[in-house]
Amino acid sequence: GGGMENVGPVNPSIGSGGYVALNYLIYFTVTSSTSLTSVDIFANSTSMGASSSLVIIDLADNSVVGTYPFTVTEAGSLTTGQTVLIDQSLSAGNYSIGLVDTVVSLYRNTGGATFPYTVSSLELTGHSFSGYPEYYYYFYNWVVGSECSSARTEVVATVTSAPDFALSQTTL
């Protein structure tokens, strides 16, 4: 596939919930190489310029794929989230996304989630709070971009000398 797709709930309007500062994860599977462009978060306060980072873990070997810092600049709305830029290429495999720390209090649903959430190259499969499949943690409106590229081919450019050029003066 190619182009951009959105996956996951657009915002917390899927059901009940509240703000928490707990370290729960969303699990996801990349079915074909893609890029995770961004996710939206819903914070309860911008006080003290609360900063944190998201982290993506490759579950094959528990290695950190990347960390993505953010500072809360928008808060209090359950319809308009703050977009956190990720821009991470991901190959096929199983991953988790979570918070590096629990400094920031983010919205999570305690009802309304219906996993899996699926697009052509990625599927949100669940979360780390077992026994509560209706919960949905923190990361809404995922923007996923399928990498669209082809094999490189050689291009040959021929550079030639400029032709002789002569100027003459003419009078009117």
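Here is a short report on the structure shown in this document.

Rules used throughout
- Residues numbered from 1 in each chain as written.
- Predicted model: local features only at pLDDT ≥ 70, side-chain atom pairs only at ≥ 80, totals over all residues.
- Heavy atoms only, no water.
- Pairing = 2+ DSSP bridges.
- Helix = DSSP H or I, 4+ residues; strand = E, 2+ residues; numbered from the N terminus.
- Buried < 20%, exposed > 50% of the residue type's maximum accessible area, 1.4 Å probe, protein only.
- Polar contact = N/O pair within 3.5 Å; in protein donor to acceptor, adjacent residues only side chain to side chain.
- Core = buried A, V, L, I, M, F, W, Y, C linked by side-chain atoms within 4.5 Å.
- Contact = heavy atoms within 4.5 Å.
- Phe/Tyr/Trp six-rings, centres within 6.5 Å; stacked < 30°, edge-to-face > 60°.

A separate point is the sheet that holds strand β2 (residues 17-20). Sheet architecture is open: 3 strands sit in the order β2-β9-β12, paired in antiparallel fashion. The open sheet terminates on both sides in strands that have one partner only, identified here as β2 and β12 (136-137).

Before going further, it helps to spend a moment on the pairing of β2. One face of the sheet, then the other: side chains in a regular strand alternate in exactly this way. The alternating pattern of β2 places G18 and V20 on a buried face, while none of G17 and Y19, on the opposite face, is buried. With 4 bridges joining them, β2 and strand β9 (residues 106-109) adopt antiparallel strand pairing. Looking at β9, one finds that G18 is bridged to R108.

The subject of this paragraph is the environment of Y138. Among the structural elements, Y138 can be located in the loop between β12 and β13 (140-146). Of note is the side chain of Y138, whose polar atom sits 2.4 Å from the backbone oxygen of L22.

The next subject is unusual backbone geometry. For the bond from F115 to P116, the omega torsion is 0 degrees, close enough to zero to count as cis. By secondary structure assignment, the location of P116 is in the loop between β9 and β10 (117-118). The phi dihedral of Y138 is positive, around 65 degrees, even though this residue is not glycine.

Core analysis: the largest hydrophobic core is formed by 38 residues, its most contacted members being F28, L54, I97, F139 and W142. Ignoring anything within four residues of it in the chain, the contact list for F139 reads I26, V39, D40, I41, L54, I97, G98 and L99.

The next subject is the environment of V39. Secondary-structure assignment places V39 in strand β4 (residues 34-41). Sequence separation between V39 and L54 is 15 residues; the distance between their C-alpha atoms is 10.0 Å.

Glancing now at the pairing of β4. For β4, the buried fraction is high: 8 of the 8 residues fall into the buried class. Both β4 and strand β7 (residues 82-90) contribute to a ladder of 7 bridges, which runs antiparallel. Bridging across to β7, T34 finds its partner in L90.

Here the focus is the packing of aromatic side chains. Taken as a whole and assessed by the stated rule, the structure comprises 17 aromatic pairs. Ring centres of Y117 and Y136 lie 5.8 Å apart, and the angle between their planes is 85 degrees; this geometry places the pair in the edge-to-face category. On the criterion of sequence distance, the pair formed by Y117 in strand β10 and Y136 in strand β12 is long-range, its members being 19 residues apart. Side by side, Y117 and Y136 carry an identical accessibility label, which is buried. Centroid distance Y138 to F139: 5.8 Å. Interplanar angle 75 degrees. Geometry classified as edge-to-face. Members of the aromatic cluster, connected to one another through ring pairs, are Y24, F129, Y132, Y135, Y137, Y138 and F139.

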